[in-house]
Amino acid sequence: MNLHQHLEEELEKDFNLLKQYEEKRRDETNPRLIGQYNSEINRIKLQISERQQELDKLPKTSLTPATNQSFIEELGFGVKLEMIYIPGGTFLMGAPKIEVDSDDDERPQHYVTVKPFYLGKYTITQEQWEKVVYSCPTIEDWLDPHPSYFKGDKLPVEQVSWYDAVEFCARLAKKTGRQYRLPSEAEWEYACRAGSAKPFAFGDTITTDVVNYDGNYTYGNAPKGKYRVQTTAIGTFPPNAFGLYDMHGNVLEWCADSWHDSYEDAPSDGSAWINENDNQHRLLRGGSWNRTPEWCRSATRYRYSPGSRSSLVGFRVVCGGAART
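Conventions used here
- Residues numbered from 1 in each chain as written.
- Predicted model: local features only at pLDDT ≥ 70, side-chain atom pairs only at ≥ 80, totals over all residues.
- Heavy atoms only, no water.
- Salt bridge = Lys/Arg side-chain N within 4 Å of Asp/Glu carboxyl O.
- Helix = DSSP H or I, 4+ residues; strand = E, 2+ residues; numbered from the N terminus.
- Buried < 20%, exposed > 50% of the residue type's maximum accessible area, 1.4 Å probe, protein only.
- Axes fitted to C-alpha atoms, helices over the stretch in contact; angles between N-to-C directions.
- Parallel < 35°, antiparallel > 145°, perpendicular 65-115°, else oblique.
- Left-handed = near helix turned anticlockwise from the far one by under 90°.
- Contact = heavy atoms within 4.5 Å.
- Nonpolar A, V, L, I, M, F, W, Y, C, P; charged D, E, K, R; others polar.
- Phe/Tyr/Trp six-rings, centres within 6.5 Å; stacked < 30°, edge-to-face > 60°.
- Patch = residues over 30% accessible without salt bridge, like charges linked within 9 Å, V, L, I, M, F, W, Y side chains within 5 Å.
- Areas by Shrake-Rupley, 256 points an atom, 1.4 Å probe, with all protein chains shown as cover.
- Lys, Arg positive; Asp, Glu negative; His and termini not counted.
- Charge placed at Lys NZ, Arg CZ, Asp CG, Glu CD.
- Pairing = 2+ DSSP bridges.
- Core = buried A, V, L, I, M, F, W, Y, C linked by side-chain atoms within 4.5 Å.

Participant: What is the right way to read the pattern of salt bridges from this model?
Facilitator: A side chain of one charge can pair with a side chain of the opposite charge when the charged atoms of the two come close. One pass over the full model with this rule turns up 22 salt bridges. A salt bridge links Arg43 to Glu40; the nearest nitrogen and oxygen atoms lie 2.9 Å apart. One end of the pair, Arg43, and the other, Glu40, are both in helix α2 (residues 31-56), 3 residues apart, so they sit about a helical turn from each other. Look at Arg43 and you get partly exposed, because its relative accessible area is 38%. As a salt-bridge pair, Asp261 and Arg303 come within 3.8 Å of each other at their nearest N and O atoms. Taken together, the residues Asp261 in the loop between β8 (252-258) and β9 (282-285) and Arg303 in strand β10 (residues 301-304) connect sequence positions 42 residues apart. The exposure class assigned to Asp261 is exposed, which follows from its relative accessible area of 55%. The exposure class assigned to Arg303 is partly exposed, which follows from its relative accessible area of 47%.

Printed below as a string of structure tokens:
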């Protein structure tokens, strides 16, 4: 066994032990025992930090090739981040006035040319979040390793602010030596549509067989379906034509852009449209588990304070591409 494998195995043991103590502390009411658990948790975190620093001195883990120029980022401890290659192209961004339940903030429709980039196959999961948070030192902001309301390793991480997502990207970039960031709004819509000009990547409507949303409501001629009342595990539903999962529904996804009330004067090169006021609302896309189907359309736009958190909100990451800040 080489040093890299040894450190990975020891770190995995540390993470498992840390989880055990955190679970014990969560259920404990005795102040003395809580103090003991906190001491052990701090000791293990320090040990994780020391091992990670030693691991970071070793050569970076190489990428694992996947199909169609996509790749798999090895985060360690058996946790992987799958990145899908999105070919560049030109598309018509926004919704026409005839699209049912569309809004003026989705107009004017305009052509955007997007450069190639890599986008997460899935939204960031709780196990990916935990491993990156624990294994990478703080860049700008502290991150809660377990922020989500709905718990599960393969469930999307939620209850994360825009600032949290940006910090995660910075730590991931530091860990891997590659440029990770949030997608621009244009990149997100281009990837969501995957060549479709319809309201959804799947066509004129959706059902709860392909998207996690509030199935008590319908869009177009679709029947009523299930309301699952929570997030679902990644890979539960079919992907779009680019091989991306849950671009519609499950959790809303942060984009890099500041909020603008329309597309007047929007960039046409796929870059993020960011104002100087850092506290301005940021963009969310994709709908969520408790939204009605019209809010899951490819063109639907949401705005949210960059410091706010919700069980409806998660994100996925980009590696490379055209967005700029």
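Participant: What exactly am I supposed to notice about the packing of helix α3 (residues 126-135) against helix α4 (residues 162-176) here?
Facilitator: Remark: α3 packs on α4, axes separated minimally by 10 Å, with the N-to-C direction vectors making an angle of 65°. When the axis of α3 is compared with that of α4, the two are roughly perpendicular. Seen along the crossing, α3 lies across α4 with a hand that is left-handed. Facing Gln128, Trp129, Val132, Val133 and Ser135 of α3, the residues of α4 in contact are Asp164, Phe168, Arg171, Leu172 and Lys175. Among the residues forming the contact of α3 with α4, the class breakdown is 5 nonpolar, 2 polar and 3 charged.

Participant: Sorry, what's going on with the packing of aromatic side chains here?
Facilitator: How two aromatic rings sit relative to each other is given by the distance of their centres and the angle of their planes. The full count for this structure, using the stated rule, is 15 aromatic pairs. With a centroid separation of 5.3 Å and an interplanar angle of 90°, the aromatic rings of Phe150 and Trp289 are classed as edge-to-face. Of this pair, Phe150 sits in the loop between α3 and α4 while Trp289 sits in the loop between β9 and β10; the two residues are 139 residues apart in sequence, bridging distant segments of the chain. Like Phe150, the residue Trp289 is buried in the burial classification. Taken together through their ring pairs, the aromatic side chains of Phe71, Tyr85 and Tyr118 make up a single cluster.

Participant: Just checking my understanding: could you explain a positive patch on the surface for this structure?
Facilitator: Among the surface-exposed residues, Arg25, Arg26, Lys45 and Lys151 lie close enough to one another that they form a single positively charged patch. Here Arg26 shows up in helix α1 (residues 3-27).

Participant: Help me out: how do you make sense of the sheet that holds β8 in this one?
Facilitator: Reading across from one edge, β10-β9-β8-β11 is the order of the 4 strands in this open sheet, with mixed pairing throughout. Looking at the sheet topology across the chains shown, the edges are occupied by β10 and β11 (313-314). In the sheet, β9 pairs with β10 via 4 bridges, with the strands oriented antiparallel. In the sheet register, Leu283 faces β10, and the bridge partner there is Arg303.

Participant: How should the pairing of strand β6 (residues 117-120) be read in this particular structure?
Facilitator: On any regular strand, side chains alternate: one points to one face of the sheet, the next to the other face. As defined by bridge partners, strand β3 (residues 79-86) adjoins β6 across 4 bridges and the pair is classed as antiparallel. Within β6, the residue paired with Ile86 across the bridge is Phe117. Taken together, the 2 bridges between β6 and strand β12 (residues 318-319) define a ladder with antiparallel strand orientation. For Tyr118, the partnering residue across the bridge sits in β12 and is Cys319.

Participant: Got a minute to help me understand the nonpolar core in this structure?
Facilitator: Soluble globular proteins tend to bury their nonpolar side chains together. By size, the foremost hydrophobic cluster in this structure holds 34 residues, and its most contacted members are Trp129, Phe315 and Val317. Elements with a minimum of two residues in this core: β2 (71-76), β3, α3, α4 and β8. Considering every element that reaches this core, the biggest residue donor is α4, with 5 residues. Residues within four places of Phe315 in sequence aside, it is in contact with Thr123, Ile124, Trp129, Val157, Val160, Ala165, Phe168, Leu182, Leu252, Glu253 and Trp254. Counting 24 residues, the second largest nonpolar core, distinct from the first, contains Val114, Tyr190, Trp259 and Tyr263.

Note that all results are geometric; they support no functional claim without further evidence.
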